[in-house]
Amino acid sequence: MKSSFRIRAVAFVASAAVLALTACSAGSSTSGGGSGSSPGGDQKLSIGLVAEPASLDFTTTDGAAIPQALLGNVYETLVKQDDSGKIVPSLAKSWTVSPDRKTYTFDLVDNAKFTNGKQFTANDAVFSINRVKTAWTISLKAAMDVVASSKALSPTQLQVTLAKPSNDWLFRMTTRIGAMFSESGVSALATDPVGTGPFKFSKWNRGDSIVMVRNDDYWGSKPFFQQITLKYFKDATALNNALLTSTINVIGTVQAPEALSQFTSNDKYQVIEGTTNGEVLLSFNNSRPVFKDLRTRQAIRMAIDHKALLDTCWAGRGKLIGSMVPPTDPWYEDLTGVAPFDLAKAKSLLQASGAAGKTLRLRLPTLPYATSCGQVVKSMLEQAGLKVQIDQLEFPAAWLTTVFKNADYDMSIIAHVEPRDLGAVFNAKYYTRYDDPTLQGYLAAADSGDEAAQVDNMKKAARRLSEQAAGDWLFLLPNLIVADKNIKGLPTNAITENFDLSKLAR
Amino acid sequence: MILRLIERTGVFLVSLAVSSVLVFAFMAVLPGDPARVALGVNASDQAVAELRQQFGLDRPLPTQYFDWLGGLLHGDLGTSYVSKVAIGPQVFDRLQVTLWLVVAGMIIALVVAVPAGTLMAARHRKLSGLALSAVSQVGVAVPAFLAGILLIVVFAVKLGWLPANGWTPPAQDPGMFLKQLILPALALGLVQGAVLTRYVRSAVLDVLREDYLRTARAKGLRPFQALWRHGLRNAAVPVVTVLGLQLATLLIGAVVVERVFVIPGLGSLLLDGVSNRDLLLVQDVVMVLVLAVLLVNFIVDLLYVALDPRLRTAS
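Residues numbered from 1 in each chain as written. Chains lettered and ligands numbered in written order. Predicted model: local features only at pLDDT ≥ 70, side-chain atom pairs only at ≥ 80, totals over all residues.

Describing the overall build of chain B
Tallying secondary structure elements over chain B gives 13 helices and 0 strands in all. In chain B, the order of α-helices and β-strands from amino to carboxyl end is α-α-α-α-α-α-α-α-α-α-α-α-α. Oriented by its inertia axes, the alpha-carbon framework of chain B measures out at about 85 × 55 × 35 Å. Within chain B, the fraction of its 315 residues that count as buried is 38%. The long-range fraction of contacts in chain B, counting pairs at least 24 apart against all pairs at least 6 apart in sequence, stands at 70%. (Helix = DSSP H or I, 4+ residues; strand = E, 2+ residues; numbered from the N terminus. Buried ≥ 20, exposed ≤ 12 C-beta atoms within 10 Å, placed from the backbone. Contact = placed C-beta atoms within 7 Å.)

Take a look at the structure:
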């Protein structure tokens, strides 16, 4: 059963901004390095990141920065994703699923302790699961709606019953939704997080950095570094300069891929390039009359030369994808051939649908990739016979209200960085206003079926989206990390919500 | 004298009250909903409405305004929408950082401007004066953030003499504090110094043409002695005015320079607050900046009187 989830998710937020749209943070490690090996004495490490959390409480404040820092490091989940994306034990040693796929029984570790000194038991797990429904406010809490009941069978045994079978639920338990809290440790979540993880929260210098120290009472293998500082930079150049002048040891997310050459040409540094879950989507407002016609949507996809676009606006870093699935998901297929670049065909489709000469409003968030790719999209679409009017909306606030909530737009560009977000992004209630019963049928079958049925139906869903041209997938954001040469344990792909600090070593 | 003091105090208080209305009104019309930003992309309208109620954003604007004002008068800046911690201590912490920067920048500006401006005036017909004048013109044209980037590239990245960015409180490590302070203070101070130099030059030039200075020379004082004993105090009046205005510019300039040098001061707090739509925090920070600027102007007004006895008798 466990193997049915072969997902990988990860990634860390690939762009400063992406963050409010959720995100995922690095997790899986490839080079292994110091994972679990003998701790490196009192060695310290400093990592440069782009988005400082607004609060430390991810139960009431959305945004990728909080789980990026805390999940897996301070808080732990019952199950987590391993380097290959498989769901593996964490605070749960093992689990079984009933034949009707609705009841999960978890056997918990008996030696985990919260940093407030309290033992971790099944009662804490029940408390944490119930609390998602009662006290959380962020929208992601909906992932817990499927839980009908949870109870502690013994201090180390937890039983969770679902209202209906759901493959997605166990996967979501690897994300922040599954974080385990202590009943006596939730009074000051915004400033004083209490978890069972390999690191303890130590200090937050607002506007500057978060300091974590090794949890010497950690129940698992102890991390290498005694202290890790997450330093936050608003400005990509400042972040690069900090590494060049040894203020930090690692750039966790490179913000300006065009500036990478100063590191690739210097053998003091290593550059890691992998994939994320961040699909950069040219979204269509499918409720607008102009987008009701399949030919118009297809024409837009065919008018865009994706390779040229990636080279121009993101220095050629990233991967071309033809649908809403990153290559690390088990149902990934290369769908870039569904709507290949064909300007002549795009022109004739636009003529046929009557959209030629119409003006479309491309409302861009003020994010680096959106701003630079927006200009390229505009010029490519205008060559095919559309008129494109660009306006910029401040991200997150103005963009969220105008495009996201009110759907007052024709097209926009944003990276959707949540793992497995195909179903969330393409439905009638979301800002894409994409109402497609066929797609919903595939998604429902995928969630309730067994592993094979899930993969099969998710593949159908991804293909359906691509063929129906529900949007256009410009590219997948790359995971780009630059670090001092001797740092080990950095993740190649960034497919989970957290930046796993416990595997780092020198 | 007393009348003037009362008049100035009145102007100060009225300006403060008008500013508070403007700041509040501006926040109220700013697009973007703090509750929606906090709850994220998929939040239901109901959840957003509940949070708005929790923030008190559903109350009538006048009620919100007077509550805020009442809090301010009691020294209570409220609680941040986003971080859920008291705003007062945060603003106080960040203000200390920014003040170091502003004071250091001001000192550098003065150290550059007073000698350079005086020299330029004294030698305004000579080549050295003209050359200095040209250099100061270039300085005036360079914005502080650009100066900052150039300083970083040269002194941090290329030469490696000083850190490129960051901040250490003086109590924690005085050496590191100074190292990290030098470049941002130079970025602020040199540019302001260039502007100030122009004013010092013209003020000293005016004074040099005065009859009393000629009289001082006639009774046997050397040019420099005459200027030192009789000229500088007179030249100081217009310079102090400009200095007051410049303090305000420095405070605003610090907002940008803090960003370039990754310094957790008031400026970065303000920018973060704007992007998170932490409106109460933004309102508070802007009011603190407004208060600082008005206070400086108030003090400058009083300083005139101290510097220039004629103003005392005039009232």
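A closer look at the UniProt feature "domain: Solute-binding protein family" (unreviewed entry) in chain A
Per the UniProt annotation, the sites labelled "domain: Solute-binding protein family" (unreviewed entry) are residues 86-415 of chain A. Secondary structure within residues 86-415 of chain A divides into 26% helix and 26% strand; the distance between the first and last C-alpha atoms comes to 24 Å. (UniProt positions renumbered as here; feature names shortened; annotations may be inferred.)

What about the sheet that holds strand S5 (residues 103-108) of chain A?
All names here are of chain A. Taken in spatial order, the 4 strands line up as S4-S5-S7-S6 in an open sheet, and their pairing is antiparallel. Here the strands that pair on one side only, and so sit at the sheet edges, are strand S4 (92-97) and strand S6 (147-154). Adjacent strand axes in the sheet meet at a mean angle of 20° when their direction is disregarded. Pairing analysis gives 5 bridges linking S4 to S5, with the strands arranged antiparallel. Its bridge partner lying in S5, Ala-92 is registered against Leu-108. Taken strand by strand, helix H2 (residues 122-134) contacts S5, S6 and strand S7 (157-162), and its axis lies near 170° from that of S6. (Pairing = 2+ DSSP bridges. Axes fitted to C-alpha atoms, helices over the stretch in contact; angles between N-to-C directions.)

Quick look at the UniProt feature "domain: ABC transmembrane type-1" (unreviewed entry) in chain B
Look at the UniProt record and you will see "domain: ABC transmembrane type-1" (unreviewed entry) annotated at residues 95-304 of chain B. The span residues 95-304 of chain B shows a helical share of 84% and a strand share of 0%, and its end C-alpha atoms are spaced 27 Å apart.

Thoughts on the packing of helix H7 (residues 144-158) of chain B against helix H10 (residues 223-261) of chain B
All names here are of chain B. Relative orientation of the contacting elements H7 and H10 amounts to 25°, with a least axis distance of 9 Å. If you check the angle between H7 and H10, you find them roughly parallel. Here H7 and H10 pass one another in a crossing that is right-handed. Note on element contacts: H10 touches H7 through Gly-253, Val-256, Val-257, Val-260 and Phe-261, opposite Ala-144, Phe-145, Gly-148 and Ile-149. Split into classes, the residues belonging to the contact of H7 with H10 amount to 7 nonpolar, 2 polar and no charged. (Parallel < 35°, antiparallel > 145°, perpendicular 65-115°, else oblique. Left-handed = near helix turned anticlockwise from the far one by under 90°. Nonpolar A, V, L, I, M, F, W, Y, C, P; charged D, E, K, R; others polar.)

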